[in-house]
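Here's the letter readout for the chains.
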Amino acid sequence: MERWRGQDEIPSDWGRCVVTIGVFDGVHRGHAELIARAVKAGRTRGVPVVLMTFDPHPMEVVFPGSHPAQLTTLARRAELAEELGIDVFLVVPFTTDFMKLTPDRYIHELLVERLHVVEVIVGDNFTFGKKAAGNVGTLRKAGDRFGFAVESMSLVAEHHQSETVTFSSTYIRSCVDAGDVVTAAEALGRPHRVEGVVVRGDGRGRGLGFPTANVAPPMYSAIPADGVYAAWFTVLGHGPVTGSVVPGERYQAAVSVGTNPTFSGRTRTVEAFVLDTAADLYGQHVAVDFVARLRGQLRFDSVHDLVEAMGKDTEKARAILSAQD
């Protein structure tokens with residue numbers, strides 16, 4: 001899969017294509033259906049399929065300071081898009097100038113002149129251009145004029161108990177924020193992932209017999225509610241790892257999210273105790289895939305009580321994750 005950043009990276013001799021447009025944060029099950037439809041259209045027409053997304057999140061430019069919690073990094077979105085059959089991952093920098101493009105200029109300059117689209121596939125609620133004035137109807141009118149097809153798709157929904165749940169990035173963020181990583185995984189089609197670099201902490205876990213990897217995620221990452229979780233831990237980097245952890249393989253882990261109230265901590269951290277391994281992980285780029293919440297964050301009266309609880313957490317995490325192997 002090719003990866004382009006900005007319009008200038010679109011080759012001057014670029015042929016025709018099918019394009020699907022959106023932020024695609026999370027690349028959840030609704031996004032996957034949209035992408036599948038685009039891939040099918042591209043294969044039928046014999047042209048490449050382009051996924052067009054934006055960086056930073058449009059909300060941060062339109063309303064500075066309102067950047068929503070990010071479910072996936074751009075790199076992760078590209079990986080997932082490639083797995084789903086996308087040929088080109090195009091990241092358009094969302095700047096104040098881009099924000100001011102009228103819908104007509106957006107269509108003509110980007111979709112027609114640069115990408116030479118034969119079909120555009122978007123969600124029913126897709127809007128674009130200055131003040132979000134463009135919508136699916138605008139695209140259809142332009143398609144009639146410039147000779148490209150437009151297909152829109154409804155959001156994916158499922159009936160859960162007594163209500164119908166529509167899968168959206170906003171819905172998934174609310175699940176993650178509440179610590180309901182099981183429901184988030186149902187909507188995503190996989191466990192919610194937090195990536196980051198392992199940094200040095202205070203070393204307290206090692207002294208308690210539970211050495212942890214202190215994961216520092218990127219800004220705006222969607223971090224689950226404070227508590228203890230069963231999770232899969234994977235080293236993503238390709239650098240050397242001292243110890244028994246193999247990059248690319250997943251390992252069972254018990255993960256604590258919170259401020260360590262037993263020790264009057266104030267900084268919120270993501271700390272992973274990787275089971276049955278011994279490795280120097282400092283500086284490694286890693287992923288934590290949250291599977292289940294074991295309990296909320298608690299303040300213990302003594303270190304002994306904390307260590308006892310950590311032991312029980314570890315065994316619960318092992319049982320849950322072993323059942324998935």
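An unreviewed UniProt entry annotates the protein as Riboflavin biosynthesis protein originating from Mycolicibacterium helvum. UniProt, in the comment section headed Sequence similarities (unreviewed entry), describes the protein in these words: "Belongs to the ribF family."

One closed barrel holds the 6 strands; their spatial order is β9-β10-β14-β13-β11-β16, and the pairing between them is antiparallel. Within this sheet the neighbouring strands show an average axis-to-axis angle of 45°, counted without direction. Here strand β11 (residues 227–235) runs beside strand β16 (residues 285–296); their pairing, made up of 9 bridges, is antiparallel. By the bridge assignment for β16, G227 is matched with G296. Of the strands in this sheet, β9 (192–199), β11 and β16 touch helix α8 (residues 181–188), which is tilted by about 130° from β16.

Evaluated as defined, the whole model comprises 8 aromatic pairs. Their ring planes at 15° and their centres at 5.4 Å tell us that F126 and F128 sit as a pair that is stacked. F128 carries the same exposure label as F126, and that label is buried. Aromatic ring contacts, followed pair by pair, group F54, F94, F98, Y106, F126 and F128 into a single cluster. Over the ring of W232 we find R250; its NZ or CZ atom is 3.7 Å from the centre of that ring.

V19, I21, M52, L111, L115, V120 and L139 are the most contacted members of the largest nonpolar core, which totals 32 residues. When residues of this core are assigned to their parent elements, the largest contribution, 5 residues, is made by helix α5 (residues 103–112). Those residues within four positions of V19 in sequence are excluded, and the remaining contacts are V50, M52, L111, L115, V117, E119, V120 and I121. Grouped together as the second largest cluster of nonpolar side chains are 24 residues, V181, V194, A253 and L281 included.

To continue, consider helix α7 (residues 169–177). Along α7, the residues classified as buried are S169, I172, R173, C175 and V176. The arc that holds the buried residues of α7, viewed along the axis, is 160°, so those residues lie on one side. α7 presents T170 and D177 as exposed residues on the side facing more than 90 degrees away from its buried surface. In this fold, the buried residues of α7 make contact with α1 (29–45), α8 and β9. Backbone geometry just downstream of α7 places G179 in the positive-phi region, at approximately 85°.

So, about a nonpolar patch on the surface. Judged by side-chain polarity, M59, V62 and F63 come together as a nonpolar surface patch covering roughly 260 Å² of accessible area. Here M59 is to be found in helix α2 (residues 58–62).

With their axes 11 Å apart at the nearest point, α5 and helix α6 (residues 136–146) run at an angle of 50° to one another. The orientation of α5 relative to α6 falls into the category oblique. Between α5 and α6 lies a crossing of right-handed hand. Mapping the contact onto sequence places P103, I107, H108, L111 and V112 in α5 and T138, L139, A142 and F146 in α6. For the contact of α5 with α6, the per-class residue count stands at 7 nonpolar, 2 polar and no charged.

So, how was this worked out
Residues numbered from 1 in each chain as written. Predicted model: local features only at pLDDT ≥ 70, side-chain atom pairs only at ≥ 80, totals over all residues. Heavy atoms only, no water. UniProt positions renumbered as here; feature names shortened; annotations may be inferred. Pairing = 2+ DSSP bridges. Helix = DSSP H or I, 4+ residues; strand = E, 2+ residues; numbered from the N terminus. Axes fitted to C-alpha atoms, helices over the stretch in contact; angles between N-to-C directions. Contact = heavy atoms within 4.5 Å. Phe/Tyr/Trp six-rings, centres within 6.5 Å; stacked < 30°, edge-to-face > 60°. Buried < 20%, exposed > 50% of the residue type's maximum accessible area, 1.4 Å probe, protein only. Lys NZ or Arg CZ within 6 Å of the ring centre and 35° of its normal. Core = buried A, V, L, I, M, F, W, Y, C linked by side-chain atoms within 4.5 Å. Arc of directions from axis to C-beta. Patch = residues over 30% accessible without salt bridge, like charges linked within 9 Å, V, L, I, M, F, W, Y side chains within 5 Å. Areas by Shrake-Rupley, 256 points an atom, 1.4 Å probe, with all protein chains shown as cover. Salt bridge = Lys/Arg side-chain N within 4 Å of Asp/Glu carboxyl O. Parallel < 35°, antiparallel > 145°, perpendicular 65-115°, else oblique. Left-handed = near helix turned anticlockwise from the far one by under 90°. Nonpolar A, V, L, I, M, F, W, Y, C, P; charged D, E, K, R; others polar.

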